[in-house]
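Next come the chains, spelled out residue by residue.
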Amino acid sequence: MSTLSTDSVVLPEDQGSSLWQDAWIKLSKNRLALFGLGVLVFLIIVSLLTPLIAPYGYEEQNLDMGATAPSLQHWLGTDIFGRDMLTRIMYGGRVSLMVGFIATAVALVIGILWGAIAGFYGGRLDAVMMRIVDVLYALPFMIFIILLMVVFGRNILLLFLAIGAVEWLTMARIVRSQVMSLRNQEFVEAAHSLGLSQWTIIRRHLIPNTLGPVIVYTTLTIPSVMLLEAFLSFLGLGIQPPESSWGLLINYGVETMEEFPWLLIFPGIALSLTLFALNFLGDGLRDALDPRTSKD
Amino acid sequence: MYRFALGRLLQAIPVLLMVITVTFFLVHSAPGGPFSADKAVPPEVIKALEEQYNLNQPVWKQYVSYLGDVLQGDFGPSFKYSGRTVNELIAAGLPITAELAFYAMLVALSVGITAGVAAAMRPNTLQDYVPMTGAMIGICMPSFLLGPLLVLVFGIHLDWLPVSGWGDLPGDKILPSITLGTGYAAYIARLSRGGMLEVLSQDYIRTARAKGLSERLIVVKHALRGGLIPVVAFLGPAFAGLLAGSFVVETIFQIPGLGRFYVQAAFNRDYTLILGMTIFLSTLIILFNLLSDMLAIWLNPKLRHEIEGAK
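Residues numbered from 1 in each chain as written. Chains lettered and ligands numbered in written order. Predicted model: local features only at pLDDT ≥ 70, side-chain atom pairs only at ≥ 80, totals over all residues.

## Some thoughts on the overall build of chain A
- Scanning chain A for helices and strands turns up 11 helices and 0 strands.
- Mapped from its N terminus to its C terminus, chain A presents α and β elements in the order α-α-α-α-α-α-α-α-α-α-α.
- In terms of its C-alpha atoms, chain A occupies a principal-axis envelope of roughly 80 × 45 × 35 Å.
- Counting all 296 residues of chain A, 46% fall into the buried class. (Helix = DSSP H or I, 4+ residues; strand = E, 2+ residues; numbered from the N terminus. Buried ≥ 20, exposed ≤ 12 C-beta atoms within 10 Å, placed from the backbone.)

## Here's the deal with the environment of A:Leu43
All names here are of chain A.
- With respect to the secondary-structure elements, leucine 43 resides in helix α2 (residues 31–53).
- Once the C-alpha coordinates of leucine 43 and glycine 93 are considered, the two residues, 50 residues apart in sequence, prove to be 8.0 Å apart.
- Beyond its immediate stretch of four places on either side in the chain, leucine 43 contacts Gly93, Leu97 and Thr274. (Contact = placed C-beta atoms within 7 Å.)

## Some words on the interface of chain B and chain A
- The partner chain A presents 30 residues to the 37 residues of chain B that form the contact.
- Contributing elements (two or more residues each) for the side of chain B that touches chain A: α1 (2–28), α5 (126–140), α6 (143–157), α7 (174–200), α10 (229–252), α11 (258–268) and α12 (271–299) of chain B.
- Counting residues per element, the side of chain B that touches chain A draws most heavily on α12(B), at 7 residues.
- Partitioned by chemical class, the residues of the side of chain B that touches chain A number 27 nonpolar, 7 polar and 3 charged. (Nonpolar A, V, L, I, M, F, W, Y, C, P; charged D, E, K, R; others polar.)

## What to know about the packing of helix α4 (residues 86–121) of chain B against α11(B)
Residues and elements named next belong to chain B.
- Interaxial distance between α4 and α11 falls to 7 Å at its minimum, and their mutual angle equals 130°. By the angle class used here, α4 and α11 are oblique. Counting all contacts with α4, which are made through Leu89, Ile90, Gly93, Leu94 and Thr97, the residues of α11 involved are Leu258, Gly259 and Phe261.
- Per-class residue counts for the contact of α4 with α11 are 5 nonpolar, 3 polar and no charged. (Axes fitted to C-alpha atoms, helices over the stretch in contact; angles between N-to-C directions. Parallel < 35°, antiparallel > 145°, perpendicular 65-115°, else oblique.)

## Description of the nonpolar core
- Counting 163 residues, the largest nonpolar core has A:Ile145, A:Ile250 and B:Ile188 as the members making the most contacts within it.
- Ranked by residues supplied to this core, first place goes to α10(B) with 16 residues.
- Residues within four places of B:Ile188 in sequence aside, it is in contact with B:Ala108, B:Leu109, B:Gly112, B:Ile113, B:Gly116, B:Val231 and B:Phe234. (Core = buried A, V, L, I, M, F, W, Y, C linked by C-beta atoms within 7 Å.)

## Description of the confidence of the model for chain B
Residue and element names in this part refer to chain B.
- Summarising the model, chain B shows a mean pLDDT of 81, and 93% of its residues fall at 70 or more.
- Taken element by element, the predicted model of chain B shows its lowest mean pLDDT in helix α13 (residues 301–310) (68) and its highest in α4 (90).
- In the predicted assembly, ipTM is 0.76 and pTM is 0.79. (pLDDT = per-residue confidence, 0-100.)

## Quick look at the packing of helix α5 (residues 141–151) of chain A against α12(B)
- Running from N to C, α5(A) and α12(B) cross one another at 165°; their axes reach a closest spacing of 11 Å. The orientation of α5(A) with respect to α12(B), classified from their angle, is roughly antiparallel. Remark: the crossing between α5(A) and α12(B) carries left-handed chirality. Across the interface between the two elements, A:Ile143, A:Leu147 and A:Val150 of α5(A) pack against B:Ile274, B:Thr278, B:Leu281 and B:Ser282 of α12(B).
- Classifying every residue of the contact of α5(A) with α12(B) gives 5 nonpolar, 2 polar and no charged. (Left-handed = near helix turned anticlockwise from the far one by under 90°.)

Next comes the structure, spelled out in C-alpha cells:
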C-alpha cells in the first residue's frame, strides 16, 4: 500500500519536473522572452526598492523651478510643479504593477477554483457553472467597471476587485478543460482508491497539473490588466491623486504635451516597454510550455 | 442553424434583463443623491425635481416603471442636460460614434489582414518578423498614448492634420480613425497569421498546390475563407472594444459622440444618461457578439455540422 501511495504521488511530479526543464531550455533560447523576463525582474526589484532608491521624495515640489527638460539632476526632467519625473514614474510603476499583480491574483483564484470544481464534478453542476461563465462573457465589462467606479467612488480596492472579477472567466474555461482531460487518468483513480477526499484530489493532484496553461495565461493577463487600469486612470476614473500610476501620468502628460513633451513620452515609454516585455514573455512561455500552439 | 440562431437570440433576453436590473439598482444604490453635488438647492426645488424624476416613489416602483419605459425604448429625461431626453442624446451621438467605429474597423481590417496574410505566406522570414513586431508594438501602444503622440507629430509639429473635431475641417477624421483602429489592426494581424498558417498546412491546400495553382490564387480562393475564421470570431469582441476605445479617442479629439457623452455623464453623475447609455451600449454589444458568432459558424463547415448534428 505504501509503495502504491508514493508512486501515485511521485509520478505527476516526475512528469512535471521534466516538463519544467524542457520549458526552461526552450525559453532560454527565446531571446525576446528572456528580454521580457529581464525587464519584469528589473521592474519588480525597482518597485520593491523605490522608497529607498528614488532620487527625490514623492511629494517633493519645487514650484520656482517648474517643468524642466531632462538634465543631470533630473534624468527624466521635472513636471510643472518641479517634481522629479523619474521618481514619479517609479512610484507610478509601483501602483501599476501592484494593480496588475493583485487583480490578476484575484482572477487567478476565482478562475482556478471555479474551473477546477466545474471540471472535476462535471454533469449538471458543470453545466450550470459554465452557463454562468457564458452569460458573464456576454456582458460588456468595460462599461460595467466604469459604472462601478462612478457609483462607488474611485476606490483602489474596488478597482482590483472589479478588474479581477472580469478577468477570471477565461481562466475558468482553461482550467476546466484541463481538469476534464485529467480527471479520468490513472493517477487520479489511484488517489481516489487511496481514499483521498475529493477536495484533496482537486487541490493536490489536479490543480498542480494545470499549471502550465495557467502560468501562460497569467503572464498574458497581467499586461491586459495593467492596460485596463491605465485606460481607466487616463479617463480619470481609475487611480486618483495623490496616488499615481502610469495611466494617470500619461493623462497629465497629454495636458502639457505641447510645451513639455517629455512629461508624456517617458511615462508612455515605461508603460509600453512593460506591456511589450510581458507580452513577449507570455508568448515565449506559451511556445515553451505547449509545443502545439504557435503564437497566433 | 436557424434554430441555433433563434436559441442564442432567446438567450440574450435574460442577459439583457439582467443588465437592466443590475445597472438600475447599482445606480440607485449610489451614495449621495443625484442632486447633492450641486450648490445648496432650495428644498422646494429638490422636491419638484424629485417629483419630475419619480424619485419620491419607492425604488421597486421606480424600477417597474423604468423597465416598462425601457422596453418601449424610452430612456427618460437626462438629469443634467435639462430639457433633453436620453434618447435624443443617444441619437445625437450614435451616428458619429458609428462612423468613427466604421473607419477604425476599416483601418484595422485592411492593415491587419494584409499584414497577417503576408506574414503567414513566408513564416520566419523578414516578411513575417517585420509586420509581427509591428503588431506587437501596436498592441503595446494603447490608444490613449498613440492618439496624443499622433497629435503631437502630425497635428502640432508637422501641422498636416487637424487635432480635434469631427467633420468640421477636412481630414479631421483621419487621426481618430487611425488611433482607434491601430490596436485592432495588430490583433487582427496576429489572428489572421495564426489562422492562415493552420489552413495553409491542410490537405486541401496541398491538393490546390498539386493542381499547380499560383500561390496567390491558393490564398485568395482557398485559404482566406478558412484562415480568417478567427478574425470573424474576433469581430464581436472587437466591436465591444471599439465602443470602449471610443471613450478615450472621443475624449482626446473632442468628438461629440457616445463615448464622450458617457465619460461626461460619469463625471457629472448624470444617472439617467448613464443608465440609458449602459443599457443601450450593452444591447449593441450583445447583438454584435451574436452576429459575429453566427458569421463564424456559417463560415466554418465543421462547426456547422456539429451544431446541426447536436440537435
